[in-house]
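Listed here are the chains, written in short residue letters.
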Amino acid sequence: MGCASSVIPCKGCKGRVQPEGSKDQVHGVGRRVQPNYRRDLPSNIILDPDIKTVQAVVEVDLKIPLNAKAHHTQAYDVCKHKITPKLVVRRGQEFMIDIQLSRDYDENSDILRFVFEAGEKPLESKGTHVEFLLSSDDKSSKWEATLVSKQEKSITVNVTTPPSCLVGKWRLHLDVIKSEEHKVNIYRYQYKQPIYVIFNPWCKDDLVYMNDQNLLKEYILNENGQIYSGNKTTITSKPWNFAQFESCVLDVAMYLLDKSGLNWAVRGNPIPVVRKLSALINSSDDDGVLMGNWSGDYTGGRSPLSWTGSAAILEEYWKTKESVKYGQCWVFSGLATTICRTLGIPARSVTNFASAHDTDGSITIDVHFNADGTSDKAADDDSIWNFHVWNEAWMARPDLPSGYGGWQAFDATPQEASDDVYCCGPTSVAAIKQGEVNLPYDGPFVFAEVNADRMYWAPNSLGKLECVYLDKKAIGKNISTKAPNSDEREDITLEYKQEEGSAAERAAVLRANQVGSNRKDIYVQKANDIDFNVEQDQENTHIGGKFELSLKMKNRGSEPRTVSGRIEIRSMYYTGVVADLVKSDPFDGVEIKPGEELKHTVIATQEDYSRKLKDCAMLDVTIWAVVKETDQHFTKKDDYRLRKPHLVIKAPEDAVVNKELKVEVSFVNPLNSALTKCFLAVDGVGQSLKISQGNVSANSTYTGSISITPTKVGKADLIIIFNSLELDDINGTHHMTLKKA
């Protein structure tokens, strides 16, 4: 991960660094340098004074280890770099500086001024040029420097930034101001490394303040997580190494803020920052970090399923400044969590199962059928993703009514343009729950994702298209995130909507349609006397086995009924886009007597779906049925997932950093065909590796042995994923404690 040395130097240092071990680099000590960047300075500012003849700052020690620990930033690689360590501080909190002067410090005669600058054109009017005196009584700017102690030529000072400080890289200058011979001379020292100022969720006056230490441990400090995938009945976790403190990650985040075009005046506000990040993480508009690809052909890049964490993606982007290939929603979400956490914004990845993609602003999902019961795909613009992963960021929302702060949903996956840019959010989760979709940003789209109704349309006997069935419970299932400081899944569905089917939930749907929809009169349904139910044992449906599904039909009426219909099974992408036909099973003229229950079953074997499955092994099932005597229609689309095997990892619980260790991995190939182009992706212990493996025979047990050399001290999750052309994302996680030698 050794990318920290490639950090772009500040404008003032011309890229020069002291040799490793140099006295001037210990604990962030910096010497005076002639800057490459300079403003049009007044003639009385002297950049290279003769320290033998005048009082001036000689050197500065930012006390990086001490300050980093106090600011919870000691894990950042930029703070620990051997040659050029840099200080990372959280705004609204003091940090300590040791200052060495050319002469003994005299409080009565020596005026010491602090100058902080950010951006290419620092200006006081923009808040990017700040000046304040040591022990100044002027607190109007909320920047402050106070004297802690002095000893001859050395003084220790506490500097405090305001809780609304602009987030970015700041340059530090120290001025000694002297009145000499009827003239004021300013002897300036320029610290050559930037100071990173980030958001501070520990500060009560910061908009991202979070008052629960347990939650901060998870949503800011935890580098390892789980991202959930599958479908609503078969949920699996994918380990992810967020790596928010590693290598170049913080510099990438700062680069994205610079690249965003955000006015510096709002660089301290997490609301526009998060909105911009949701656009910059994808490549659709701004040549952002990651390029999406849902085609199944990943030539020229890596399969989205092969990534194990954010660091490798961000390192490649930092090296090339070109969009990395390729990602899908969980990869975009993993990157968004990483970027937010590295900037100090509490964030988490959230998975919504049966996630709607509303394309027309109706806040409904429309499905169309032909007269014979086949799907009319040409008319279907809306879709339902088996799962979709987005993010939440924690912040106050002073721009919204009271009560709508807290978790804010945002999405870096490019789905629909918002304000002509592929971005989404942040939108208040609490507002979504109440159906208040008219608040910024993108409320109707997010509401539809979790609580739209699904409408089925078919032509009647006269050929007129009408709504034949309304499913109020199809969308937004088992909304999931990793539980704080636990390996367990936390279901947060009730944070997005009221109990499904309750009066409060229906009221939210109606409210959302009234204020956010382009159609109002959609809730009329016909009476019926046939109960239709779908039965499927998802728990026992594995890749390689058979997929069996039944449509149960019960006659509650007093007259016999005749039912005809069709069940279609297709492979599908997790985005809800259907692919190859696996099986189509029509049935016609099934007579059901009063009180009788019948069942129609369809079975798809491995031979039926072989070579038709897409990345996530999803199946789309479309069911259409009509009752001849009453013209009652039943239509339903649902998604199912064939379960993949789990990767077994055998490795020691304890290991020594920088010492090679052996790891064994294994699983059983469930397919009747060999696995080819196999490789292992390894992450989570300070190494990111891609290791080729040999082919795996049909229905055989794969066993692999690899050597890794951990570089990260402390508790860590070893993440390993097996990938092949025929079967990918066979993953496993092994908890380890890594000790120093």
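Residues numbered from 1 in each chain as written. Predicted model: local features only at pLDDT ≥ 70, side-chain atom pairs only at ≥ 80, totals over all residues. Heavy atoms only, no water.

**Student:** Whenever I open this one, the overall build of the protein confuses me. Can you help?
**Tutor:** A tally of helices and strands in the protein yields twelve helices and 40 strands. Reported as C-alpha extents along the three principal axes, the dimensions of the protein are approximately 110 × 60 × 40 Å. Within the protein, the proportion of its 741 residues that are buried is 57%. Intrachain contacts of the protein at a sequence separation of at least 6 include 69% that bridge at least 24 residues. (Helix = DSSP H or I, 4+ residues; strand = E, 2+ residues; numbered from the N terminus. Buried < 20%, exposed > 50% of the residue type's maximum accessible area, 1.4 Å probe, protein only. Contact = heavy atoms within 4.5 Å.)

**Student:** What's the story with helix α3 (residues 213-221) in this structure? I'm lost.
**Tutor:** Residues spaced three or four apart along an α-helix point in a common direction, a consequence of the helix completing one turn every 3.6 residues. Among the residues of α3, Leu216, Glu218, Tyr219 and Ile220 are the ones counted as buried. The backbone nitrogen of asparagine 214 has a side-chain oxygen 2.8 Å away, supplied by the residue at the start of α3, namely aspartate 212. (Polar contact = N/O pair within 3.5 Å; in protein donor to acceptor, adjacent residues only side chain to side chain.)

**Student:** Would you take a moment to explain the layout of surface pockets for this structure?
**Tutor:** With a probe scaled to a water molecule rolled over the atoms, the places where space remains empty come into view. If you add up the space inside the second largest pocket, you get close to 940 Å³. Along the walls of the second largest pocket sit 33 residues, with Ser724, Leu725, Glu726, Leu727 and Asp728 positioned nearest its centre. Ranked by the residues each element gives to the lining of the second largest pocket, the list is headed by helix α12 (residues 606-609), at three residues. Class assignment for the residues of the lining of the second largest pocket results in ten nonpolar, twelve polar and eleven charged. (1 Å grid on protein atoms, 1.4 Å probe; cavity = no way out; pocket = protein on both sides within 12 Å on 5 of 7 lines; lining within 4 Å. Points joined across faces, edges and corners; volume = space filled by probe spheres on them. Nonpolar A, V, L, I, M, F, W, Y, C, P; charged D, E, K, R; others polar.)

**Student:** Quick question: what am I supposed to make of the pairing of strand β4 (residues 87-90) here?
**Tutor:** Side-chain direction in a regular strand flips from residue to residue, so the side chains alternate between the two faces of the sheet. Here β4 shows two buried faces, one formed by Leu87 and Val89 and the other by Val88 and Arg90. In the sheet, β4 pairs with strand β12 (residues 195-198) via four bridges, with the strands oriented parallel. If you follow valine 88 over to β12, its bridge partner there is tyrosine 196. (Pairing = 2+ DSSP bridges.)

**Student:** Honestly, the sheet that holds strand β35 (residues 661-668) in this entry has me stumped. Any pointers?
**Tutor:** Sheet strands line up and pair through hydrogen bonds in the backbone, either parallel or antiparallel. Here we have three strands laid out as an open sheet, ordered β33-β35-β38, and antiparallel in their pairing. Edge positions in the sheet fall to β33 (648-650) and β38 (701-708), since each of these pairs with one other strand and no more. Each adjacent strand pair in this sheet contributes to an overall mean axis angle of 20 degrees, direction not counted. When β35 meets β38, the two strands line up antiparallel, connected through eight bridges. When the sheet's bridge partners are listed, serine 666 is paired in β38 with threonine 703. (Axes fitted to C-alpha atoms, helices over the stretch in contact; angles between N-to-C directions.)

**Student:** Can you help me understand the pairing of strand β22 (residues 453-459) in this one?
**Tutor:** Buried residues dominate β22, accounting for six of its seven residues. Where strand β18 (residues 364-368) and β22 come together, five bridges link them in parallel fashion. Bridge assignment links threonine 364 to a residue of β22, and that residue is aspartate 453. In this structure, the hairpin formed by β22 and strand β23 (residues 465-471) is closed by a connection of five residues, where glycine 463 is found at a positive phi of approximately 85 degrees.

**Student:** Help me understand the environment of threonine 320 in this model?
**Tutor:** Among the secondary structure elements, threonine 320 is positioned in helix α6 (residues 311-320). You can call threonine 320 partly exposed: its relative accessible area is 38%. Distance from threonine 320 to valine 88, taken between C-alpha atoms, is 25 Å for residues 232 residues apart in sequence. Of note is the side chain of threonine 320, whose polar atom sits 3.0 Å from the backbone oxygen of glutamate 316.

**Student:** Would you mind showing me how to read helix α5 (residues 270-280) here?
**Tutor:** Of all eleven residues making up α5, nine are buried, and the element is well covered by its neighbours. Looking at the buried side of α5, the elements it contacts are α4 (249-259), α7 (329-343), β19 (383-395) and β20 (406-410). Taking the backbone nitrogen of isoleucine 271 as reference, a side-chain oxygen 3.0 Å away marks asparagine 269 as the first, capping residue of α5.

**Student:** Could you clarify how one ought to interpret unusual backbone geometry in this entry?
**Tutor:** Along the chain, glycine 425 connects to proline 426 via a cis peptide bond; the corresponding omega equals 0 degrees. If you trace the backbone, proline 426 turns up in the loop between β20 and β21 (427-428). In the segment running from proline 440 into tyrosine 441, the intervening peptide bond is cis, with an omega of 5 degrees. Its location among the elements puts tyrosine 441 in the loop between α8 (429-434) and α9 (443-451). With a phi close to 50 degrees, lysine 63 is a non-glycine residue in the positive phi region.

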